[in-house]
Amino acid sequence: MKTYYVTPSDITFLWSDCPCCFYRKVAQGIHRPSGIFPKIFNKIDKAMKDCYVGKNLRDFSSDFPDAVYKYPDQWVQSKPLVVTGKDIQIVFRGRIDGLLEYTELGTNGKPIIGVPDLKTTEVDDNVTPMYGLALHTYAYCLENAADGEFSAQNVEKLGLVVFEPSTYEHVAGEEPKLNGTHYWVEFEKDMNSFKEWMKTLARVLSNDSPPEPTTGCNYCRLLEKQIQQSETAAVK
């Protein structure tokens, strides 16, 4: 049986952009050319985690959840999702930015758990929604963890902790500071819709060929051009 491994970042940056590119990476091992990702974002991400770990986010802002931030960069992996009638299975895996343990208790008397994603970006209605599917994937991994993998129940909250830089300050004789605003952007947890999306994912990965490229996908255009050139050269 063929196993396809899917990461939440693939869902955010490939599936949401071009399902054809997603298929080529996951099913065929054909990766897009690596883009330039400035290391400064990794440094800001680590600084945010170091600042919040072990602390209640409500102490920083009344707009933040009343929950303690724990388990930064924890690896999670789901049980295999076997696709009925097909000789394939899908495994979701990746690293969560952490968990939030709320002071509020669930119906079982244990703390409600949240899955946050820490981002340095602008709060934009066209950008932030694409992270919702990835957050649901993390929740699925936690609630359907593979044997021996990290798990959590009572996962009821999903959201982004967003740092939006705005000003740079440098006072003579002092270290410079990057100032900005923090936001909590919450997503409604809807696992029924997520399961319907998983059916779509399974149909796509069950096919022997990728879906049609998204209109205007430069990566697909470049790959098709390379394939045509290779076929022409082979004929000659």
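The structure we're discussing is the one just above.
Owing to the predicted nature of the structure, the values given are computational and were not obtained by experimental measurement.

## A word on the packing of helix H1 (residues 8-15) against helix H4 (residues 131-143)
H4 packs onto H1 with a crossing angle of 160 degrees between their chain directions and a minimal axis gap of 8 Å. Between H1 and H4, the crossing angle belongs to the class labelled roughly antiparallel. At the point where H1 passes H4, the crossing takes the right-handed sense. Here H1 contributes Pro8, Ile11, Thr12, Phe13 and Trp15 to the contact with H4, which in turn contributes Tyr131, Leu133, Ala134, Thr137 and Tyr138. In the contact of H1 with H4, the residues fall into eight nonpolar, two polar and no charged.

## What to know about H1
Of all eight residues that make up H1, six are buried, and the element is covered over most of its length. For H1, every residue scored as buried is listed here: Pro8, Asp10, Ile11, Thr12, Leu14 and Trp15. The secondary structure elements touched by the buried residues of H1 are strand S1 (2-6), helix H2 (19-28), strand S5 (88-96), H4 and helix H5 (191-206).

## Concerning the sheet that holds strand S2 (residues 67-70)
Picture the strands of a sheet paired through backbone hydrogen bonds; they go either parallel or antiparallel. Read from one edge to the other, the open sheet built from five strands follows the order S2-S6-S7-S8-S9, with strand pairing classed as mixed. Only two strands of the sheet have a single neighbouring strand rather than two, namely S2 and strand S9 (177-187). In this sheet, adjacent strand axes meet at a mean angle of 30 degrees when their direction is disregarded. The sheet contact formed by strand S7 (residues 111-120) and strand S8 (residues 155-169) spans eight bridges and is parallel.

Basis of the calculations
Residues numbered from 1 in each chain as written. Predicted model: local features only at pLDDT ≥ 70, side-chain atom pairs only at ≥ 80, totals over all residues. Heavy atoms only, no water. Axes fitted to C-alpha atoms, helices over the stretch in contact; angles between N-to-C directions. Helix = DSSP H or I, 4+ residues; strand = E, 2+ residues; numbered from the N terminus. Parallel < 35°, antiparallel > 145°, perpendicular 65-115°, else oblique. Left-handed = near helix turned anticlockwise from the far one by under 90°. Contact = heavy atoms within 4.5 Å. Nonpolar A, V, L, I, M, F, W, Y, C, P; charged D, E, K, R; others polar. Buried < 20%, exposed > 50% of the residue type's maximum accessible area, 1.4 Å probe, protein only. Pairing = 2+ DSSP bridges.

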